[in-house]
Amino acid sequence: MTGLSASNNQVLPYKLFCGGTNGNGFRKFHDCSTTIIKDSSVFSSWFIPPQIPFREKQLELIPSLLENYQTIYLFGSAGTGKTTVARSIADGIKLSGLNTKFVYVNCDVNTTSYRVFYQVIRGLGIFVPRSGLSYNLFREKFHQAYSHNTQLVVILDGIENLKENRALKELMESGVKLVMIGRKKFNYNSSQIELNFPSYNESQLYSILRQRAELGLANNTWDDEVLHLIAKRVAQESGNARRAIDVLRIAAKLAESEDSEKITTEHVEPAFNLCYDEEIAAAVRILPMHHRLILAAIAKTLDSGFQKLRNTRKKRRNLRPGTGAIYSEYAKIAESRGLKPLGVRRVSGILRELETLGLIELKIDLGGAYGNTKVVTKYNVPPHILTSFL
């Protein structure tokens, strides 16, 4: 039997599911019917449609690649179908004549080798406590659980978030095959095979939205004009199918909240705004506490008058919302909560991580005699979202 186990820790600000989870950690999908949305599970990021459009080439290649390579890397920007394709191949594949077991690990939240092994062991059906065991004991548990009569494939989603590669090396040495998923190049070893997932264009996004509308929305509650409008804007912004589907879902929710009989173009713009808030909330929710405190420090620093001071004649060193000013504010916030502040170098690294996530924007400010520093030029987290997670 093939199968996929997961601990996905999925963040969904809107509740699209009813009935909790099943034994493998997957949410149970039930028909939570409403006037416009007839099947809310269709709009979940974990929904696998009957056909995955515009990814036929990847779907055809991956099984044969898994037969011949130990490490496959699926890369592309967000919302290009990487996770959906990887999960869909878990059903019906039998590698080298062996029963094949797939285990899914979300590396956005499982960023260490310890956490990766924990998720793999749980995926193999062995209960272990979340903490309190040594890494070596985890390794022993894994080798006890892993039968070499079964081909194990571990899907590592968000591989670029792993802080170290020890778990990858040990899994490969045990004969485990890896399907790594990321948004940018990740050269783990010279023998890995790479498969690109390009962003969707407007026509493709329209087709994807139409498929989801036909599956998840009631008849006569939507029209092509709405789908074309969403597809056009998302194609211009990113080509992210996940965002397009989320906007359609939110637009349907807005229409229902207004007791409208159908989704109109008037619902699209507010749906985009709410979708943006959802994406930011999801990103902030999984951040470690010190990352959130640094975001709070940035918000307070930028709101305390730095932007106005930049237009005055005060000394340049006092005008820049750079690493030093942000660190000083962060240290105060951390100490007020009874936490020991991280070091300046670590905070500087976290600023780069927050920029990568799109939560802030940075530039290097050439300070002359005062030295160069990273300056936060924009803060992309609405205050009400950050406050809810502090």
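Residues numbered from 1 in each chain as written. Predicted model: local features only at pLDDT ≥ 70, side-chain atom pairs only at ≥ 80, totals over all residues. Heavy atoms only, no water.

Asker: Would you mind going over the overall build of the protein with me for this structure?
Answerer: Secondary structure summary: the protein contains 13 helices and eight strands in total. Considering the protein as a whole, with its 390 residues, one finds that 49% of them fall into the buried category. Restricting to contacts in the protein with at least 6 residues of sequence separation, those with at least 24 account for 67%. Split by element, the accessible area of the protein, about 18900 Å² in all, is 49% carbon and sulfur. (Helix = DSSP H or I, 4+ residues; strand = E, 2+ residues; numbered from the N terminus. Buried < 20%, exposed > 50% of the residue type's maximum accessible area, 1.4 Å probe, protein only. Contact = heavy atoms within 4.5 Å. Areas by Shrake-Rupley, 256 points an atom, 1.4 Å probe, with all protein chains shown as cover.)

Asker: What should I look at first to understand unusual backbone geometry in this one?
Answerer: Only a minority of non-glycine residues have a phi that is not negative, and only a minority of peptide bonds are not trans. Notably, Phe54 is not glycine yet its phi reads approximately 70°, a positive angle. Mapped onto the fold, Phe54 is located in the loop between β1 (3-7) and α1 (56-68). Its identity is not glycine, yet Asp259 carries a phi of approximately 60°, on the positive side. Residue Asp259 is classed as exposed on the basis of its relative accessible area of 71%.

Asker: When you look at the side chain of Arg292 in this model, what are you seeing that I'm missing?
Answerer: Mapping Arg292 onto the fold places it in helix α10 (residues 289-309). No salt bridge is formed by the buried Arg292, whose closest oppositely charged neighbour, Glu353, lies at an N-O distance of 12 Å. Within polar-contact distance, the side chain of Arg292 engages the backbone oxygen of Arg285 at 2.8 Å. With residues up to four places along the chain from it excluded, the contact list for Arg292 reads Val284, Arg285, Leu287, Leu386, Phe389 and Leu390. (Lys, Arg positive; Asp, Glu negative; His and termini not counted. Salt bridge = Lys/Arg side-chain N within 4 Å of Asp/Glu carboxyl O. Polar contact = N/O pair within 3.5 Å; in protein donor to acceptor, adjacent residues only side chain to side chain.)

Asker: What's the story with the environment of Tyr104 in this structure? I'm lost.
Answerer: Looking at the element boundaries, Tyr104 is found in strand β3 (residues 99-106). The buried category is assigned to Tyr104, whose relative accessible area is 4%. In sequence terms Tyr104 and Ala86 are 18 residues apart; their C-alpha atoms lie 9.4 Å from each other. Only 2.7 Å separates the side chain of Tyr104 from the side chain of Asp157, close enough to count as a polar contact.

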